[in-house]
Amino acid sequence: MRIVFHGHACFEIKTQDGNILIDPFLNGNPQADVKPEDFTDLAAILITHGHGDHLGDALKISLNTGAMIISTSELAAYCQGQGAKTHAMHIGGKYRFPFGTVKLTPAWHGSGIKTEKGMIYGGLACGFLLQLEGRWLYHAGDTGLFSDMELIGRRHPLEVALLPIGDNYVMGPDDAVYAAQLVRAKYIIPMHYNTFPVIEQDVGEFLTMLQRKAPESRGIALAPGEYLEI
Ligand code: NI
Ligand code: MN
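Given the structure is predicted, the values throughout are model-derived calculations rather than measurements. (Residues numbered from 1 in each chain as written. Chains lettered and ligands numbered in written order. Predicted model: local features only at pLDDT ≥ 70, side-chain atom pairs only at ≥ 80, totals over all residues. Heavy atoms only, no water.)

Explanation requested: the overall build of the protein in the structure shown.
Helices and strands together make up the secondary structure of the protein, namely six helices and 16 strands. Against the compact-globule benchmark of 17 Å for 230 residues, the protein has a radius of gyration of 16 Å, which places it among compact chains. Projecting the C-alpha coordinates of the protein onto the three principal axes gives extents of approximately 50 × 40 × 30 Å. Look at the contacts in the protein between residues 6 or more apart in sequence, and 60% of them connect residues 24 or more apart. When the accessible area of the protein is evaluated, it comes to approximately 9900 Å², of which 48% is carbon and sulfur surface. (Helix = DSSP H or I, 4+ residues; strand = E, 2+ residues; numbered from the N terminus. Rg over C-alpha atoms; globule rule 2.2 N^0.38 Å. Contact = heavy atoms within 4.5 Å. Areas by Shrake-Rupley, 256 points an atom, 1.4 Å probe, with all protein chains shown as cover.)

Teacher, can you tell me more about the coordination of the nickel ion (ligand 1) here?
Four donors placed tetrahedrally around a metal ideally meet at 109.5 degrees, and six donors placed octahedrally ideally meet at 90 or 180 degrees. Every protein donor of the nickel ion (ligand 1) is listed here as His49 (NE2), His51 (ND1), His109 (NE2) and Asp142 (OD), and their distances to the metal cover 2.2 to 2.3 Å. Metal-centred angles of 87 to 174° between the four donor atoms at the nickel ion (ligand 1) mark the site as irregular. For the nickel ion (ligand 1), the single-chain donor residues occur in sequence as H-x1-H-x57-H-x32-D. Taken as a pair, the nickel ion (ligand 1) and the manganese ion (ligand 2) show a spacing of 3.1 Å, with Asp142 coordinating each metal. In this pair, His51 is assigned in the loop between β4 (44–46) and α1 (52–55) and His109 in the loop between β8 (100–106) and β9 (113–115), connecting sequence segments 58 residues apart. (Donors = N, O, S within 2.8 Å, 3.2 Å for Na, K, Ca; no water. Tetrahedral: all angles 85-135°; square planar, octahedral: opposite > 155°, others 65-115°.)

Help me out: how do you make sense of the pairing of strand β14 (residues 187–191) in this one?
For a regular strand, side chains alternate in direction, first toward one face of the sheet and then toward the other. For β14, the tally of buried residues reaches five of five residues, placing the bulk of the element in the interior. Judged by which residues are buried, β14 turns out to be covered on both faces: Tyr187, Ile189 and Met191 on one side and Ile188 and Pro190 on the other are all buried. As defined by bridge partners, strand β13 (residues 158–164) adjoins β14 across five bridges and the pair is classed as parallel. In the strand pairing of β14, Ala161 is matched with Ile188. Once the chain exits β13 it traverses helix α5 (residues 173–183) before rejoining the sheet at β14, and the crossover so formed is right-handed. When β14 meets strand β15 (residues 218–219), the two strands line up parallel, connected through two bridges. Within the sheet, the bridge partner assigned to Ile188 lies in β15 and is Gly219. (Buried < 20%, exposed > 50% of the residue type's maximum accessible area, 1.4 Å probe, protein only. Pairing = 2+ DSSP bridges. Right-handed = clockwise from strand over helix to strand, strands pointing away.)

What is the right way to look at unusual backbone geometry in this model?
Unlike most non-glycine residues, Asn168 shows phi in positive territory, near 65°. Looking at the secondary structure, you find Asn168 in the loop between β13 and α5.

In this structure, what is going on with the sheet that holds strand β7 (residues 94–97)? I would like to understand it.
Strands in a sheet are paired, the pairing made by backbone hydrogen bonds, and the direction either parallel or antiparallel. Sheet architecture is open: seven strands sit in the order β7-β8-β11-β12-β13-β14-β15, paired in mixed fashion. Edge strands, defined here as strands with exactly one partner in the open sheet, are β7 and β15. Sheet analysis places strand β12 (residues 135–139) next to β13, joined by four bridges and oriented parallel. In the sheet register, His139 faces β13, and the bridge partner there is Leu162. Each of β14 and β15 touches helix α6 (residues 203–213); the most contacted strand, β14, lies at about 155° to it. (Axes fitted to C-alpha atoms, helices over the stretch in contact; angles between N-to-C directions.)

What is the right way to read the side chain of Ser111 from this model?
Note that Ser111 resides in the loop between β8 and β9. The buried category is assigned to Ser111, whose relative accessible area is 4%. Side-chain polar atoms of Ser111 contact the backbone nitrogen of Gly50, separated by 2.9 Å. Of the polar contacts made by the side chain of Ser111, one reaches the backbone oxygen of Gly122; its length is 3.2 Å. In contact with Ser111, other than residues within four places in its own chain, are His49, Gly50, His51, Leu75, Gly122, Gly123, Leu124 and Ala125. (Polar contact = N/O pair within 3.5 Å; in protein donor to acceptor, adjacent residues only side chain to side chain.)

Got a minute to help me understand the packing of aromatic side chains in this structure?
Given two aromatic rings, one states the distance between the centres and the angle between the planes to describe the pair. Summed over the entire model, instances satisfying the criterion amount to four aromatic pairs. On the basis of an interplanar angle of 65° and a centroid distance of 4.8 Å, the ring pair of Tyr95 and Phe97 is categorised as edge-to-face. Residue Phe97 is classed as buried on the basis of its relative accessible area, which comes to 6%. With a centroid separation of 5.2 Å and an interplanar angle of 10°, the aromatic rings of Phe97 and Phe99 are classed as stacked. (Phe/Tyr/Trp six-rings, centres within 6.5 Å; stacked < 30°, edge-to-face > 60°.)

Explain helix α2 (residues 58–65) here, please?
An α-helical turn contains 3.6 residues, so a residue and the one three or four places further along point in the same direction. Those residues of α2 that sit buried are Ala58, Leu59, Ile61 and Ser62. Angular distribution of buried residues about the axis of α2 spans 165°; they occupy a single face of the element. In this structure, the buried side of α2 is in contact with β3 (18–22), β4, α1, β5 (68–72) and α3 (73–81). (Arc of directions from axis to C-beta.)

Structure, rendered in structure tokens:
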């Protein structure tokens, strides 16, 4: 499978069983390398929470392609109300889709949906555990460090973990290294940094720290448009 980074927290995962897109924040994202119109063949769009830098262009892409949106029940209900095809889930639950299995994990974060009429309640933020082509991947979503990440890695031996490192809204690099020690994935891909000045980070420093403190994991920083093939 191919894990393509599109900037911020957006990843497209292309597998032999279908392509999925996570947190497509493209319009208004200075780092995005693609446009919402570029997607034509998607099995599903997964959204970790209702903030604009994650919900992003999900509705537009869903309506364009017919791809269903998978998220928490609150956010799925909102998207359904906007005309999208949805599949509602919640934390701890998993479901087997034709492209693979999706399981929702906790994430310490908010999920309000900002609209012209004010903030809409979006339920809880989540992360995603994905079993694709038989292998487990973890997209942590927006979150602070929490010790149950150890349980996530113990319960589902991880090939890849996508961890935020931007600080301010989510884990910073030092906490993300600690998170890497807990989840014990073969590959760690940092995300949610350098999109805006407030989350600027030295990713080289993060990778060095990761190599020293979690040597069993391999850190890979992807530039937008780059991918990891596993
Ligand atoms: Ni957020
Ligand atoms: Mn965010």
